[in-house]
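Now for the letters of each chain:
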Amino acid sequence: QVQLVESGGGLVQAGGSLRLSCAASGRTFSSYAMGWFRRAPGKEREFVARIRWSGNTYYADSVKGRFTISRDNAKNTVYLQMNSLKPEDTAVYYCAAGVVGITTADYWGQGTQVTVSS
């Protein structure tokens, strides 16, 4: 079993930055893919970014060039650096782990709210 705890959400003005963190505990972290998803009000959950154990990364087109996913295996933590934030980035952001696809993952965090004001 894997437990994921997100932090770093908050309120920021458009054009600003935030860094989300996700601390993992339980099974071997370094062998998992890790990812971030988000759910905006009234919308379905959507894929944001993924990083494999090898360090290979993949991003949704909507965040490419603005968001950066990274991981620190020594700290069992994955990060999402979000720059040039837009009001449409407002959502609850969820950390995910395991076999992380575009719509699915094995393990999920509780989520952290990100609100971008215009």
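Nothing here was measured: the structure is a model prediction, and the numbers come from that model. (Residues numbered from 1 in each chain as written. Predicted model: local features only at pLDDT ≥ 70, side-chain atom pairs only at ≥ 80, totals over all residues. Heavy atoms only, no water.)

Enquirer: Looking at this structure, how should I read the overall build of the chain?
Expert: For the chain, the helix and strand inventory stands at zero helices and eleven strands. Reading the helices (α) and strands (β) of the chain from amino to carboxyl end gives β-β-β-β-β-β-β-β-β-β-β. For a compact globule of 118 residues, the expected C-alpha radius of gyration is about 13 Å, and the chain comes in at 13 Å, within 12% of that figure. Burial status across the chain gives 46% buried among its 118 residues. (Helix = DSSP H or I, 4+ residues; strand = E, 2+ residues; numbered from the N terminus. Rg over C-alpha atoms; globule rule 2.2 N^0.38 Å. Buried < 20%, exposed > 50% of the residue type's maximum accessible area, 1.4 Å probe, protein only.)

Enquirer: Mind showing me how you'd approach the packing of aromatic side chains here?
Expert: For any pair of aromatic rings, the description consists of the separation of the ring centres together with the inter-plane angle of the planes. Applying the stated criterion across every chain, the model contains four aromatic pairs. Measuring from centroid to centroid gives 4.9 Å for F37 and W108, while their planes differ by 65°, and the two rings are edge-to-face. One end of the pair, F37, is in strand 4 (residues 33-39); the other, W108, is in strand 10 (residues 107-108), and 71 residues separate them in sequence. Look at W108 and you get partly exposed, because its relative accessible area is 26%. Counting every residue linked through ring pairs, the aromatic cluster contains F37, F47, Y58 and W108. Between the NZ or CZ atom of R45 and the centre of the ring of W108, over which it lies, the distance is 3.9 Å. (Phe/Tyr/Trp six-rings, centres within 6.5 Å; stacked < 30°, edge-to-face > 60°. Lys NZ or Arg CZ within 6 Å of the ring centre and 35° of its normal.)

Enquirer: What exactly am I supposed to notice about the side chain of D89 here?
Expert: Note on placement: D89 falls in the loop between strand 8 (77-82) and strand 9 (91-98). Polar contacts involving the side chain of D89 include one to the side chain of R66, which spans 2.8 Å. Apart from residues lying up to four places away in sequence, D89 is in contact with R38, R66, F67, S84, V114 and V116. (Polar contact = N/O pair within 3.5 Å; in protein donor to acceptor, adjacent residues only side chain to side chain. Contact = heavy atoms within 4.5 Å.)

Enquirer: How should the pairing of strand 3 (residues 18-26) be read in this particular structure?
Expert: In the case of a regular strand, side chains alternate between the two sheet surfaces. Pairing geometry for strand 1 (residues 2-7) and strand 3, over six bridges, is antiparallel. In the sheet register, V5 faces strand 3, and the bridge partner there is A23. Strand direction decides the pairing type here: strand 3 and strand 8, joined by six bridges, are antiparallel. Bridge pairing links L18 to M82 in strand 8. (Pairing = 2+ DSSP bridges.)

Enquirer: How should I be thinking about the nonpolar core in this particular structure?
Expert: In globular proteins that are soluble, nonpolar side chains generally tend to be buried together. By size, the foremost hydrophobic cluster in this structure holds 37 residues, and its most contacted members are L4, M34, W36, L80, M82 and Y93. At the level of secondary structure, the elements contributing two or more residues to this core comprise strand 1, strand 3, strand 4, strand 5 (46-51), strand 7 (67-72), strand 8, strand 9 and strand 11 (112-117). By residue number, the principal contributor to this core is strand 9, which donates five residues. Not counting the four nearest positions on each side in its chain, Y93 is found in contact with E6, L20, W36, F37, R38, V48, F67, L80, M82, G111, T112 and V114. (Core = buried A, V, L, I, M, F, W, Y, C linked by side-chain atoms within 4.5 Å.)

Bear in mind that shape data such as this cannot, by itself, settle questions of function.
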